[in-house]
Amino acid sequence: MAQKAKKSYPKVCNLSAENTFFVGRNETIQDIKTFFKNNKSKILSLTGGPGFGKTQIAQQYAHREYDQYDVIWRITPAHDLAHQFEELATHLNTILPEKEQIFPAKFSKEALIHVVTQTLQNHDIRYLLIFDNALTYKALNACVPIAHGGRAQHILMTSRNANIWTEAMRIGPFKRSESREFIKKILPKATPEAVEKLAKTLHDHPLGLAIAVGVIHAHPTMDIDQYVALHVKRKKLFLPSHPLLDGYTADVETALSISLEAIANESQEAIDALFFMSLLSSKDIPKAYIDIWLRNKGSDLIADEAIRLVYEQSLIDKSAKLGSNSASQFLSLHDLIHQITQESIPMKNKHKHIETTIKVMLEVFAGPSEDFTKKIIHEPIHLLHAQELCETAKKAGYSSPSLLTLKICIFHCLMSGMRDCKSALKVREEIEGAFKTGMHVEPYYEGLFKLNQGFLEGIFSNFDAAVQSLKESATFFETSEAYKNELLFSLNNLMQICILRGELEEANVLFHRAEKVFKGTTSIAAKSLFLYASACLLLDKSKFQDAENVLKQSDNYAALAEDNPPIHHAILFLKTISLLKQKKLEEAQDVLKAYEVMTDVFFQGRNNSAIPYVLVSRSFILMEKGELSPKIFHDLEQALSSYKELFKGDGKHRLQARAYFAIGKAHHLKGEFDKALKSYFISNEIYARVLKNKRIDDVSELYTALAILGMDLKDNAVTSRYLKTHIETFGADHPRTREILSALESRELPLSF
């Protein structure tokens, strides 16, 4: 039978240019090819120590097998996965039929991971995805398409962790013949004896050899014999002070020290630029950072010249970023070079280098909070560099007002853009510690800190502390028209806390106050959050259709999903609740599914409030549709467990009361009336504990359920008690009061109090 011809696609590829100095490894590359050809598994990991060339081998395999794939895409898991998949989605459109093209504007940026993986696995597309420096498969599970059949759909990972991968190939040092070939390729005039001496001295370690030949090639007055003599001398000095270094790492450290000295002899500013890069994350350092660095130092040297001096000696890699701005260039240091370079900075100069680097990052985080948050959401690499710099400063025992300012910017991005409460808690602790020492920052940043501190306390149900911080932030932001966006954020958060505590009158006052600011603000995020808080208030007042209509206004902000995913997610969740309350079950189910997919990809396995939100809401929808299964009970117990971890305890939040109500309803539907009563009572106890005023719709729903359960239990006291309580709390004309009375009438039961 004739084989079906493969479709011919244009190439989708983000590989860097082929390494013209790559040598050897032919057997390894052939083994990779054979594995993918013969093995049922479509995933292979290249493992081994630092500097052995895992990444170079993966890329060389891709270049050699270029014609076997339609899509070749390299992904760095340590960086923002969603952003990398967004770039992949854009380029996939060049090979997809017009009707199936992926338009990022229609999705939350993070949800694109799911869309892209589904597209790759459901189409007849031959792909190779390279996950570079992967830590665990579990962390990448949502990002790996499931390949089917015999198509060329392959995943190649590189990792230092050798023992966690099902299918792994160990990468070691060069064979001696490969070392000779590599040295001769860059130093063609070297004698065989000299080449052998250099390979033996550096134990055939690829990274050590690359640095060594880089130094020799960049300095014509130095030959291999001179270099080896210098290397041996230096290594004797290093080893006693570094007893834990293995031979390969010691070789790299020695080679790097020689290289640093050679660069310093040509340009101290070039060596300072390398030091600067070592204070940041090792990968994808924007070339623009070097320009800012040199300007802050008052240097006449341009970035290209500084980069050339270190690039010639194989200390950095350069790459261009694909996408709309193809002129953007990024620099990377090998992790081992990054670590050793940072340790090579003289201690007397380290604090000075750190402070100048902080000034560079503050330029990246310049402007109003929404501007730099949006920048971080679109290019999270900036946040990664800022966090790495703060860690470096901490290890060096350095602190300053500018560092404190940078930490406040990071804190804001973690809360507003990333919803990474775990990381935010750590940063907040450091910020509070700095304030306790008497350190000060500009008032705007102090107000920004108070805003996010209040937001964080509210998440953990520490409402009194949250209100105090948010009131302080609102008081400050009211002092200037320039702070309207931040003021609206403060008022929105205050309104939400009042709603969570059942203080609807206070929330009403804040609503009218915020409404005036809403009309004058330019912030889509702040406006959307106002719509969210307003809808929360309407839902508590049992105005479900009004809440749905308010939330629909956010549809006018097309960029919200891309520019501020957490707020977009929150609005989707509240749309689910408003539809559920109106018994629009199919619509509610569709919106909840979209919410679940987006948040699952956004949080990437981190524990978060979206998990129990989905479990509880889905259970309510299924029960309203008349479906009851053991899975509902399991999901609701899991939701309670998640809430306990999220809120740091039991019975601290009205959402926990809502979850117990859902469990009670499930038992009620199953006919387990005593268990239902117990869960309803727990729900009522939590509401009594956390609410200042119980006149909210969720409590109305609970009282109604209790009154009807009393009828099923034939316990007139329970029915009478909660009918009376409902009338006293919500009034005789409330729809649910009439629901209870109708239930009594339909069962021909007497009305008594």
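The numbers attached to residues start from 1 for each chain and follow its sequence in the written order. At least 70 in pLDDT is required for a residue's local features to be given in this predicted model, at least 80 for side-chain atom pairs to be given and counted, and no such filter applies to totals for whole chains, interfaces and linings, which use all residues. Computation of side-chain values covers all heavy atoms of the structure but excludes hydrogens and water.

**With respect to the overall build of the protein chain**
- Secondary structure elements are defined from DSSP: runs of H or I of at least 4 residues count as helices, runs of E of at least 2 residues count as strands, and each element is numbered from the N terminus. Within the protein chain, the secondary structure is distributed over 34 helices and nine strands.
- The principal-axis extent of the C-alpha atoms belonging to the protein chain is close to 110 × 80 × 50 Å.
- The classification of residues rests on relative accessible area computed with a 1.4 Å probe and restricted to protein chains. Under 20% of the type maximum is buried, over 50% is exposed, and intermediate values are partly exposed. Out of the 753 residues belonging to the protein chain, those deemed buried represent 56%.
- A contact between two residues is defined here by any heavy atoms of the two lying within 4.5 Å. Sequence-distant contacts, at least 24 apart, represent 71% of the contacts inside the protein chain between residues at least 6 apart.
- Residue exposure ignores everything except the shown protein chains as possible cover, and the areas themselves are Shrake-Rupley values with a 1.4 Å probe. Summed over its atoms, the accessible surface of the protein chain is roughly 33,300 Å², and 52% of this surface lies on carbon and sulfur atoms.

**Thoughts on the state of the cysteines**
- When the sulfur atoms of two cysteines come within 2.5 Å, that pair is taken as a disulfide. The full count for this structure, using the stated rule, is zero disulfides.
- Lacking any disulfide linkage, C498 is separated from the closest cysteine sulfur, that of C536, by 12 Å.

**A word on the sheet that holds strand β3 (residues 71–75)**
- Pairs of strands are assigned from DSSP output, requiring at least two bridges between the strands. What the six strands build is an open sheet, ordered β1-β3-β4-β5-β2-β6; its pairing is parallel. In the strand order of this sheet, the two ends are held by β1 (12–13) and β6 (168–170), each with one partner.

**A few points about the nonpolar core**
- Residues grouped as a nonpolar core are buried Ala, Val, Leu, Ile, Met, Phe, Trp, Tyr and Cys residues, joined through side-chain atoms within 4.5 Å. One finds L198, M277 and F365 to be the most contacted residues of the largest nonpolar core, which totals 206 residues.
- Per-element tally for this core: the top contributor is helix α23 (residues 524–540), with twelve residues.
- Once you skip the residues sitting within four places of it in the chain, M277 turns out to touch I285, I290, V310, I316, L331, L333 and H338.
- Grouped together as the second largest cluster of nonpolar side chains are 30 residues, V71, I102, L129 and L140 included.

**A few points about helix α31 (residues 673–690)**
- To estimate how far a helix should reach, multiply one less than its number of residues by 1.5 Å. The first and last C-alpha atoms of α31 sit 26 Å apart over 18 residues, in line with the 26 Å expected at 1.5 Å per residue.
- Within α31 the residues assigned to the buried category are A676, L677, S679, Y680, S683, N684, I686, Y687 and V690.
- Against the buried residues of α31 lie α21 (484–500), α30 (654–670), α32 (697–713) and α33 (716–730).

**Points about the confidence of the model for the protein chain**
- Along the chain, pLDDT gives the predictor's confidence residue by residue, from 0 to 100. On average, the protein chain scores 89 in pLDDT, and the residues at 70 or more come to 94%.
- The low-confidence segment residues 1–6, where pLDDT is below 50, has one contact with residues more than four positions distant or belonging to other chains.
- Low pLDDT (under 50) marks residues 321–326, which in the prediction has 13 contacts with non-local residues, meaning those over four places away or in another chain.

**Regarding the pattern of salt bridges**
- By salt bridge we mean one thing: a side-chain nitrogen of Lys or Arg within 4 Å of a carboxyl oxygen of Asp or Glu. Evaluation of the coordinates by the stated rule reveals 45 salt bridges.
- The partner of K583 in a salt bridge is E624, with the nearest N and O atoms 3.0 Å apart. Here E624 lies in helix α28 (residues 610–624) and K583 lies in the loop between α26 (565–581) and α27 (585–603), a separation of 41 residues in the sequence.
- In this structure E624 comes out as partly exposed when scored by relative accessible area, which is 25%.
- Three or more residues are tied together by salt bridges with common partners; here these are D540, K581, R654, R658, D697, D698, E701 and R736.

**Some points on unusual backbone geometry**
- One non-glycine residue, D284, lies in positive phi territory at about 50 degrees.
- Mapping D284 onto the fold places it in the loop between α10 (268–278) and β7 (285–286).
- Of the residues examined, D284 reaches a relative accessible area of 26% and is grouped as partly exposed.
- Although it is not a glycine, R419 adopts a positive phi angle of roughly 50 degrees.
- Along the chain, R419 falls in the loop between α17 (401–418) and α18 (421–436).

**Focus on the environment of L279**
- Looking at the element boundaries, L279 is found in the loop between α10 and β7.
- As a C-alpha pair, L279 and S742 span 463 residues in sequence and 71 Å in three-dimensional space.

**With respect to the packing of α21 against helix α22 (residues 504–518)**
- The axes are straight lines fitted to the C-alpha atoms, using for helices just the contacting stretch, and the angles between their N-to-C directions are given from 0 to 180°. Orientation of α21 relative to α22, taken along the N-to-C sense of each, is 165 degrees, at an axis distance of 9 Å. Our classification of the angle between α21 and α22 gives roughly antiparallel. Regarding α21 and α22, the two cross each other, and that crossing is left-handed. Between α21 and α22, the residues in contact are K484, L487, L488, L491, N492, L494, M495, C498 and I499 and L504, E506, A507, L510, F511, R513, A514, V517 and F518, respectively. Each angle gets one of four labels, with under 35 degrees taken as roughly parallel, over 145 as roughly antiparallel, 65 to 115 as roughly perpendicular, and the rest as oblique. A crossing counts as left-handed when the near helix is turned anticlockwise from the far one by less than a right angle, and as right-handed when that turn is clockwise.

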